[in-house]
Amino acid sequence: LLYLKTKQYDAALTDLDKAVHISPNQEGFYFRGKIRADTGNYDGALEDLQKSFTNPSTTGNTNMIQIKHSFTFYRMAQVYYAKGEYAKAQEMVSRAIEKFPWIPKYYGLRAKSMEKQGFEVDKMISDVSDTTQNIETQEEEEEDPLYPKNQVPTGDVQAYSIESDNAGGQKARP
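Below is a short write-up of the structure.

About the thresholds
- Residues numbered from 1 in each chain as written.
- Predicted model: local features only at pLDDT ≥ 70, side-chain atom pairs only at ≥ 80, totals over all residues.
- Heavy atoms only, no water.
- Phe/Tyr/Trp six-rings, centres within 6.5 Å; stacked < 30°, edge-to-face > 60°.
- Helix = DSSP H or I, 4+ residues; strand = E, 2+ residues; numbered from the N terminus.
- Buried < 20%, exposed > 50% of the residue type's maximum accessible area, 1.4 Å probe, protein only.
- Lys NZ or Arg CZ within 6 Å of the ring centre and 35° of its normal.
- Contact = heavy atoms within 4.5 Å.
- Core = buried A, V, L, I, M, F, W, Y, C linked by side-chain atoms within 4.5 Å.

1. Quick notes on the packing of aromatic side chains
The full count for this structure, using the stated rule, is five aromatic pairs. With a centroid separation of 4.7 Å and an interplanar angle of 35 degrees, the aromatic rings of Phe53 and Phe73 are classed as tilted. One end of the pair, Phe53, is in helix H4 (residues 42-54); the other, Phe73, is in helix H5 (residues 62-83), and 20 residues separate them in sequence. By relative accessible area, which is 21% here, Phe53 ends up partly exposed. In this structure Phe73 comes out as buried when scored by relative accessible area, which is 7%. Of note, Lys112 hangs over the ring of Tyr81, and the distance from its end group to the ring centre comes to 5.4 Å.

This is how it looks when you write it as structure tokens:
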């Protein structure tokens, strides 16, 4: 991941190609898809991102896997948006919203995708209203174990790591 952070994409791709060949897994395909998207290889990015759903994760519990899926749907939406496939972008970001409705940037991309499709401003405002309602509903429900009340996750999937808790299990750490 150091190559990714320093934008040494060729070296990162070489390492990730080897890694997914040896041990196909969710993280390897996700990060290779991210690099491919960042370098304009959108079809390769979508292929890898799709594979990240069908290959098991090497780390994380069920909640962490749901977070990873949410980020993957969002990343796919970004790729479809960059390709000009706005309906697909809207579909993918809507799937991300289904998993984690309180992440504001998801709604921003959905609104931009809708705007590109010619949706009326009233429909986009309705979408923002739904956001508020979803956030309020989430706050009324039991507290999410990954994110304490009033803490919204930020950044990309790289911003999260797994650490062991005292009971030997794993928990997400922003």
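2. Quick word on the environment of Thr54
On the secondary structure map, Thr54 appears in helix H4. In this structure, the C-alpha to C-alpha distance between Thr54 and Phe29, residues 25 residues apart in sequence, is 9.9 Å.

3. Overview of the environment of Tyr107
Residue position: Tyr107 is located in helix H7 (residues 104-116). Placed 14 residues apart in sequence, Tyr107 and Val93 show a C-alpha to C-alpha distance of 7.8 Å.

4. As for the environment of Tyr81
As for its placement among the helices and strands, Tyr81 is situated in helix H5. Distance from Tyr81 to Arg110, taken between C-alpha atoms, is 9.6 Å for residues 29 residues apart in sequence. Other than its neighbours up to four places away in sequence, Tyr81 contacts Tyr86, Ala89, Leu109, Lys112, Ser113 and Lys116.

5. Considerations on the nonpolar core
Core analysis: the biggest nonpolar cluster contains 32 residues, and Ile35, Tyr74, Val79, Met92, Val93, Phe100 and Tyr106 have the highest contact counts within it. Sorting the residues of this core by element identifies helix H2 (9-22), helix H3 (26-38), H4, H5, helix H6 (86-99) and H7 as the ones contributing at least two each. If you tally residues by element for this core, the top one is H5, at nine residues. Setting aside its immediate chain neighbours within four residues, Tyr106 contacts Ser70, Phe71, Tyr74, Val93, Ala96, Ile97 and Phe100.

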